[in-house]
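Tertiary structure, described
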Amino acid sequence: MEVLSSRVLLRPRDPTRSRRFYAETLGLAVYREFGPPDHPGVVFFLGQGFLELSGSSQEAGTTGMQLWLQVRDAAQEEKRLREGGVTVLREARQEPWGLIEAWIADPDGHRIALVQVPDDHPLRRDPR
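The rules behind these values
- The residue numbering used here restarts from 1 in each chain and proceeds along that chain's sequence as written.
- Only residues with pLDDT of at least 70 are given local features in this predicted model, and only at 80 or more are side-chain atom pairs given and counted; all residues enter the totals for whole chains, interfaces and linings.
- Side-chain descriptors were evaluated using all non-hydrogen atoms of the structure, hydrogens and water having been removed beforehand.
- Put simply, DSSP marks the helices as runs of H or I at least four residues long and the strands as runs of E at least two long, and each gets a number from the N terminus on.
- Each residue is assigned to one of three classes by its accessible area relative to the maximum for its type, calculated with a 1.4 Å probe on protein chains only: buried under 20%, partly exposed between the two thresholds, exposed over 50%.
- Only the protein chains shown count as cover for residues, and all accessible areas are computed by the Shrake-Rupley method using a 1.4 Å probe.
- Two residue types count as positive, namely Lys and Arg, and two as negative, namely Asp and Glu; His and chain ends fall outside the count.
- To locate a charge, the coordinates of NZ of Lys, CZ of Arg, CG of Asp or CD of Glu are taken.
- Working note: the arc is built from the helix axis to C-beta atom directions.
- Only heavy atoms enter the contact rule, under which two residues are in contact if any of them lie within 4.5 Å.
- The rule for pairing is simple: two strands pair if DSSP sees at least two bridges between them.
- The convention used is that axes are lines fitted to C-alpha atoms, helices contributing only their stretch in contact, and that angles between N-to-C directions extend from 0 to 180 degrees.

As annotated in an unreviewed UniProt entry, the chain is VOC family protein from Nonomuraea monospora.

Below you can see the structure in the form of structure tokens.
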């Protein structure tokens, strides 16, 4: 299989609330908007991928789906988001594998891992 493009699809319970969360609270940039004006879909840039919010669902975010977002400073983002009223599931701390992670929840309860790669982590080292 040759994958040419991909994106994560979320069907939020309250599309307007979720759109505000991802656009305003997290500050993700919009890639494109589509559909009818009264029920628009939106695709956000997500690093090297995309996150699409479209349609709706009455199910809570209890599936195994999670977002993994690499940030420059996980503790700083956790503090900013906590002050903005975002649910922090776990404070930023270093994992046994060396990454620093903080966990938050979107309005539907989907877990979002904010991940910082420390300067001395193997992901930053020259493999030569």
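Within the chain, the regular secondary structure consists of two helices and eight strands. Start at the N end of the chain and walk to the C end: the helices and strands fall as β-α-β-β-β-β-α-β-β-β. Its C-alpha atoms give the chain principal-axis dimensions of roughly 50 × 40 × 25 Å. Within the span of the chain, comprising 128 residues, buried residues form 38% of the whole. By element, 49% of the accessible surface of the chain is carried by carbon and sulfur atoms, the whole surface being about 8400 Å². Computing the positive centroid from 17 side-chain charges and the negative centroid from 19, the chain places the two 1 Å apart.

Moving on to the environment of Gly 85. Structurally, the position occupied by Gly 85 is in the loop between helix 2 (74-83) and strand 6 (87-94). Looking at Gly 85, the relative accessible area reads 60%, which means it is exposed. With 40 residues separating them in the primary sequence, Gly 85 and Arg 125 have C-alpha atoms 36 Å apart.

Next up on the list: helix 1 (residues 15-25). Every buried residue belonging to helix 1 is among Ser 18, Phe 21 and Tyr 22, and all of these are buried. Taken around the axis of helix 1, the buried residues stretch over an arc of 85 degrees, which confines them to a single face. Those residues of helix 1 that are exposed and aimed more than 90 degrees away from the buried face are Thr 16 and Glu 24. On its buried face, helix 1 is in contact with strand 1 (8-10), strand 3 (41-46), strand 4 (49-53), strand 5 (66-70), strand 7 (100-105) and strand 8 (111-116). Phi for Gly 27, located one or two positions after helix 1, is positive at around 85 degrees.

Let us look at the side chain of Glu 78. As for its placement among the helices and strands, Glu 78 is situated in helix 2. Residue classification places Glu 78 among the buried positions, given a relative accessible area of 9%. Ignoring any residue separated from it by four or fewer positions in sequence, one finds Glu 78 in contact with Val 88, Glu 91, Ala 92, Ala 102 and Leu 114.

Moving on: the sheet that holds strand 2 (residues 30-34). Strand order across the open sheet formed by four strands is 1-4-3-2, with mixed pairing between neighbours. Each of the sheet's edge strands pairs with one partner strand only, and the pair in question is strand 1 and strand 2. Neighbouring strand axes in the sheet, compared pairwise and without regard to direction, differ in orientation by 20 degrees on average. As judged from the three bridges shared by strand 1 and strand 4, these two strands associate in the parallel manner. Pairing of Leu 9 across the sheet is with Glu 52, part of strand 4. In the packing of helix 1 onto the sheet, contacts are made with strand 1, strand 2, strand 3 and strand 4, and the angle to strand 3 comes to roughly 25 degrees.

A word on the sheet that holds strand 5. Taken together, the four strands give an open sheet; going across it, the order is 5-8-7-6, and neighbouring strands pair in mixed fashion. Whereas interior strands pair on both sides, the edge strands pair on one side only; in this sheet they are strand 5 and strand 6. Each adjacent strand pair in this sheet contributes to an overall mean axis angle of 15 degrees, direction not counted. Judged from the five bridges that link them, strand 6 and strand 7 form a sheet pairing that is antiparallel. Across the sheet, the residue bridging to Arg 93 is Glu 101, located in strand 7. Set on the sheet, helix 2 makes contact with strand 6, strand 7 and strand 8; between it and strand 6 the angle comes to about 160 degrees.

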